[in-house]
Amino acid sequence: MDMFERYEEEFLELKRSIEERVKKIPNLSSVAKEDAINSAESDISEAEEILKSMDLTAKGSARTQMYSARVKEYRSEVGRMRAELRKSALAFREAVDRESLFAGARMNNMDLAMDQKQRLLQTTERAKKSKEELREVLALAEETVGVGVEALENLDRQKEVMYRIRQNLQGTMDKLAKARTVLRSMAVRAMGNKLIMAVIILALLIVFALIIYFKWFFNTGSSSSSNNDNPSPPPENPANT
């Protein structure tokens, strides 16, 4: 068995499988039909690839004319199987479309009712939320008013406290001014007292100096007068002795 005949045997086996699958498609369920159509399309594509290999092998063989005629016949059979498959697929898709259309209409009615119900529920929920939000806003407004009143009362109290502090500060400044005046007068008196003490000390020093001076002067004068009144005796003559 040459290469062409091997390809031919593989092609014929695949061809029988495709024909049996295409015949069973009308009797299958929707899901099975779709799987069978997809599998058949895949097998037909594989059969076409085998035919290409058979064509290349036939051109290089000594039986080119005979093999090429077989390939041409097989190609027509593949075309027929593809046409039957397309017919089954078209009928399946039309049935699916009709079913989808009816189901869609039913679903649309159900969806419309559900949508209206959902909208009604959403509207009710939004109304509840709006009512709750309004209550929260009113409560917040009342709380804000209370805080504002309390703040104004605190400001009045603080104003009164500041006024008292200002009065106390003014009294303190007045007392400080009086104390500064008293301290200044006390400083002037202290300076006067210091000057008086200095004058007194200076006078005392002068008096002490005069006393010492006169005392020393009179003592010196008395000593000189005593020496003049009592002269010393002359010395004795040694010859008389």
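As the structure is a computational prediction, the values presented were derived from the model and not from experiment. (Residues numbered from 1 in each chain as written. Predicted model: local features only at pLDDT ≥ 70, side-chain atom pairs only at ≥ 80, totals over all residues. Heavy atoms only, no water.)

Visitor: Tell me about the overall build of the protein chain, and please be specific about residues and values.
Guide: Secondary structure assignment for the protein chain yields three helices and zero strands. Mapped from its N terminus to its C terminus, the protein chain presents α and β elements in the order α-α-α. With 241 residues in all, the protein chain has 12% of them scored as buried. Long-range pairs, those at least 24 residues apart, make up 75% of the contacts in the protein chain with a sequence separation of at least 6. (Helix = DSSP H or I, 4+ residues; strand = E, 2+ residues; numbered from the N terminus. Buried < 20%, exposed > 50% of the residue type's maximum accessible area, 1.4 Å probe, protein only. Contact = heavy atoms within 4.5 Å.)

Visitor: Describe the packing of aromatic side chains, and please don't skip the residues or the numbers.
Guide: According to the stated counting rule, one finds three aromatic pairs in the structure shown. Where phenylalanine 4 meets tyrosine 67, the ring centres are 3.8 Å apart and the plane angle is 15°; that geometry is what we call stacked. Of this pair, phenylalanine 4 sits in helix H1 (residues 3-24) while tyrosine 67 sits in helix H3 (residues 64-229), placing them 63 residues apart in sequence. Centroid distance phenylalanine 11 to tyrosine 74: 4.9 Å. Interplanar angle 40°. Geometry classified as tilted. With phenylalanine 11 in helix H1 and tyrosine 74 in helix H3, this pair connects stretches of sequence that are 63 residues apart. Judged on exposure class, the residue phenylalanine 11 and its partner tyrosine 74 are both buried. (Phe/Tyr/Trp six-rings, centres within 6.5 Å; stacked < 30°, edge-to-face > 60°.)

Visitor: So what about the pattern of salt bridges? Which residues, and what values?
Guide: Summed over the entire model, instances satisfying the criterion amount to 12 salt bridges. Close ionic contact of aspartate 43 with arginine 21 constitutes a salt bridge, the shortest N to O distance being 2.6 Å. On the criterion of sequence distance, the pair formed by aspartate 43 in helix H2 (residues 30-59) and arginine 21 in helix H1 is long-range, its members being 22 residues apart. Judged by relative accessible area, aspartate 43 falls into the buried class, the value being 13%. Here glutamate 49 ties to lysine 52 by a salt bridge, and the two come within 3.7 Å at their closest N and O atoms. Of this pair, glutamate 49 and lysine 52 both sit in helix H2, three residues apart, roughly one helical turn. The exposure class of lysine 52 is partly exposed, given its relative accessible area of 46%. (Salt bridge = Lys/Arg side-chain N within 4 Å of Asp/Glu carboxyl O.)

Visitor: For H2, give the residues involved together with the corresponding values.
Guide: With 30 residues, H2 should reach 44 Å at 1.5 Å per residue; the first-to-last C-alpha distance of 44 Å fits that figure. Within H2 the residues assigned to the buried category are Lys33, Ala36, Ile37, Ala40, Asp43, Ile44, Ala47, Ile50, Leu51, Met54 and Ala58. (Expected span 1.5 Å × (residues − 1).)

Visitor: Can you break down the environment of valine 22 residue by residue, with the values?
Guide: Summarising the element assignment, valine 22 is placed in helix H1. Once the C-alpha coordinates of valine 22 and leucine 85 are considered, the two residues, 63 residues apart in sequence, prove to be 6.2 Å apart. Residues contacting valine 22, with those up to four places away along its chain left out, are Ala40, Glu84, Leu85 and Ser88.

Visitor: Describe H1, and please don't skip the residues or the numbers.
Guide: Compared with the 32 Å implied by 1.5 Å per residue over 22 residues, the 32 Å span of H1 between its first and last C-alpha is a close match. The complete set of buried residues in H1 reads Phe4, Glu8, Phe11, Leu14, Lys15, Ile18 and Val22. Take H1 and look down its axis: the buried residues cluster within an arc of 140°, on one side only. Among the exposed residues of H1, those oriented more than 90 degrees off its buried face are Glu13 and Lys24. (Arc of directions from axis to C-beta.)

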